[in-house]
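# Tertiary structure, described
One-letter residues, chain by chain:
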Amino acid sequence: MLTRIEAIERIVEVLDDEIVVCNLGFPSRELYSIKDSSRHFYMLGSMGMASSIGLGLALSQDRRVVVLDGDGSILMNLGGLVTAAVQAPKNLVIVLLDNRCYGSTGSQCTYSDLIDLGDVAGSMGFNVIRFHEEPDFKRVLEEDGPVFAHAPVKPGNADVPVIDLSPEEIIERFMDEVRS
């Protein structure tokens, strides 16, 4: 099983022109440390809202939108998944990096070891792709959405620095990219 940062590295390797919305805390810090891009929206707060932000972006343009989300955040806003499933944008990909804990707040356990979030997403209408061993994220990008890619990862956070951009810098350069 990969660590979360290893999974993010594998995802970044296959990205081209996609827009990325990354869950708050350590996942955003890990993505930033691997490859910073104006196409990446690093969430610094608003736990549970990455999928909703990704949905709004997917509905507003043709470019593929990839959401890197965590099990704790998904569980905080299951209504966002329902809305994404009903709206069903073909260009939306939600990647669940499932470490079975709230990694950015102290690694308290979630219930994703008891509730199969892939089954939940599938019951809503998502095209579900499950990874057990070596994830093939390129395949995820080739599927019609909305896609829910369930990628179990090891608990733990990489030792990466904080993002040295202000919230204003993050949103301004991201919005410039989205408008172009």
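Here the structure is shown first, and the text comes after it.
A short tour of the structure in this document, coming up.

What counts and how
- Residues numbered from 1 in each chain as written.
- Predicted model: local features only at pLDDT ≥ 70, side-chain atom pairs only at ≥ 80, totals over all residues.
- Heavy atoms only, no water.
- Pairing = 2+ DSSP bridges.
- Helix = DSSP H or I, 4+ residues; strand = E, 2+ residues; numbered from the N terminus.
- Axes fitted to C-alpha atoms, helices over the stretch in contact; angles between N-to-C directions.
- Right-handed = clockwise from strand over helix to strand, strands pointing away.
- 1 Å grid on protein atoms, 1.4 Å probe; cavity = no way out; pocket = protein on both sides within 12 Å on 5 of 7 lines; lining within 4 Å.
- Points joined across faces, edges and corners; volume = space filled by probe spheres on them.
- Nonpolar A, V, L, I, M, F, W, Y, C, P; charged D, E, K, R; others polar.
- Parallel < 35°, antiparallel > 145°, perpendicular 65-115°, else oblique.
- Left-handed = near helix turned anticlockwise from the far one by under 90°.
- Contact = heavy atoms within 4.5 Å.

## Thoughts on the sheet that holds strand β4 (residues 92–98)
Read across the open sheet, the six strands follow the order β2-β1-β3-β4-β8-β7; overall the sheet is parallel. Where the open sheet ends on each side, the last strands, each with one partner, are β2 (40–42) and β7 (127–130). Direction aside, the axes of adjacent strands within the sheet are offset by 20 degrees on average. Both strand β3 (residues 65–70) and β4 contribute to a ladder of six bridges, which runs parallel. By the bridge assignment for β4, V66 is matched with V93.

## Some details on the pairing of β7
Inspection of the sheet shows β7 paired to strand β8 (residues 147–152) by four bridges, in the parallel sense. Bridging across to β8, R130 finds its partner in H150. Each parallel crossover has a hand, and for β7 linked through helix α7 (residues 137–142) to β8 it is right-handed.

## Things to note about empty space enclosed by the protein
Following the criterion strictly, the structure yields three cavities of 30 Å³ or more and no others. Counted as a void, the largest cavity has a volume near 60 Å³. L2, A7, F131, H132, E133, P135, A151, P152 and V153 are the residues that line the largest cavity. Broken down by class, the residue content of the lining of the largest cavity amounts to seven nonpolar, one polar and one charged. Each pocket or cavity is described by its volume, and for the second largest cavity that value is around 50 Å³. Taken together, V12, L15, D16, E18, V20, K35, R39 and H40 make up the lining of the second largest cavity.

## Notes on the packing of helix α1 (residues 4–14) against helix α2 (residues 26–34)
At a minimum axis distance of 10 Å, the contact between α1 and α2 shows a crossing angle of 50 degrees. The angle between the axes of α1 and α2 places the two elements in the oblique class. The handedness of the crossing between α1 and α2 is right-handed. On α2, the residues that touch R4, I5, I8, E9 and V12 of α1 are F26, P27, E30, L31, S33 and I34.

## Looking at the environment of L96
Considering the arrangement of structural elements, one finds L96 in strand β4. The spacing of L96 and I74 is 22 residues in sequence and 8.1 Å in space, taken between C-alpha atoms. Those residues in contact with L96, other than ones at most four positions away along the chain, are D69, G70, D71, I74, L117, F148, A149, H150 and A151.

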